[in-house]
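Summary of structural features
One-letter residues, chain by chain:
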Amino acid sequence: MTDRSAHGSGAKGPDELRRQIERTRGQLGHTVEELAARADVKGRARARAVDLMDKAGAMTVQLRSSAAQAGHSVQDRATRAGHMVQERAGHAGHTLGDRAGRAGHAVQDRTGGTAHGLQSRAGSTVHSVRDRARHAGHVAERQAPPLRYVFQNPRPVLIAGAAVAVVVTAAVAMRRRSTESG
């Protein structure tokens, strides 16, 4: 009877006592499982390693995405720059051709008899200037493809991104180890 008054929940019969014993065993089982889990250093380390590998995988995917996006951006800029250079070279060629044509006509008007010879020279000069302007445009266009090739084939960029991800992951893991042990 002292037991009932001390704890305030004494068993009212053998069935109640068995139920209390089962509940106490269950609670003790959970407590033992919690203590075993806390003492299982290898299991916790494995779980942490899996967690870190998941984070590294996510970082790798993110870095690959960022590298691909940067590659596309650079490719677009290089293409736009190539088009701009080609357009300017073509415009300069047309401007020079027009000026040479006008100069040829002016000389023809002034000289009279020798105008025909001068006109043919001016015409050849016009063609020469136009050819040089076209050549400059083609040179600018030929210089752009290596950049296009690099960014149309993003594999080297992705490999570099993955290497950076591995280095970053290793640095993070080493830093965490040093803070946990210190």
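Residues numbered from 1 in each chain as written. Predicted model: local features only at pLDDT ≥ 70, side-chain atom pairs only at ≥ 80, totals over all residues. Heavy atoms only, no water.

**Points about the pattern of salt bridges**
Using the criterion set out here, one finds six salt bridges in the structure. Across the pair Arg 23 and Glu 16 runs a salt bridge whose closest N-O atoms are separated by 3.6 Å. Overall, Arg 23 belongs to the partly exposed group, its relative accessible area being 48%. The exposure class of Glu 16 is partly exposed, given its relative accessible area of 25%. Here Lys 55 ties to Asp 51 by a salt bridge, and the two come within 3.7 Å at their closest N and O atoms. Residue Lys 55 and its partner Asp 51 are located together in helix H3 (residues 41-111), separated by four residues, close to a single helical turn. Taking the relative accessible area as the measure of exposure, Lys 55 reaches 37% and is therefore partly exposed. (Salt bridge = Lys/Arg side-chain N within 4 Å of Asp/Glu carboxyl O. Buried < 20%, exposed > 50% of the residue type's maximum accessible area, 1.4 Å probe, protein only. Helix = DSSP H or I, 4+ residues; strand = E, 2+ residues; numbered from the N terminus.)

**Things to note about the confidence of the model for the chain**
On average, residues of the chain score 76 in pLDDT, and 74% of them reach the 70 mark or higher. By mean pLDDT, helix H1 (residues 2-7) is the weakest element of the chain at 46, and helix H2 (residues 14-39) is the strongest at 91. Contacts from residues 1-6, a stretch scored under 50 in pLDDT, to residues over four places away or in other chains number four contacts. (pLDDT = per-residue confidence, 0-100. Contact = heavy atoms within 4.5 Å.)

**Focus on helix H6 (residues 155-181)**
For H6, spanning 27 residues, the distance from its first C-alpha to its last is 39 Å, which sits close to the expected 39 Å at 1.5 Å a residue. Of the residues making up H6, those classed as buried are Gly 161, Ala 162, Ala 165 and Ala 173. (Expected span 1.5 Å × (residues − 1).)

**What to know about a nonpolar patch on the surface**
Among the surface-exposed residues, Val 164, Val 168 and Val 172 lie close enough to one another that they form a single nonpolar patch of about 190 Å² accessible area. In this structure, Val 164 sits in helix H6. (Patch = residues over 30% accessible without salt bridge, like charges linked within 9 Å, V, L, I, M, F, W, Y side chains within 5 Å. Areas by Shrake-Rupley, 256 points an atom, 1.4 Å probe, with all protein chains shown as cover.)

**Some details on the environment of Leu 63**
Note on placement: Leu 63 falls in helix H3. Considered as a pair, Leu 63 and Ala 162 are 99 residues apart in the sequence and their alpha carbons are 7.1 Å apart. Those residues in contact with Leu 63 that lie beyond four places of it in its chain are Gly 161, Val 164 and Ala 165.

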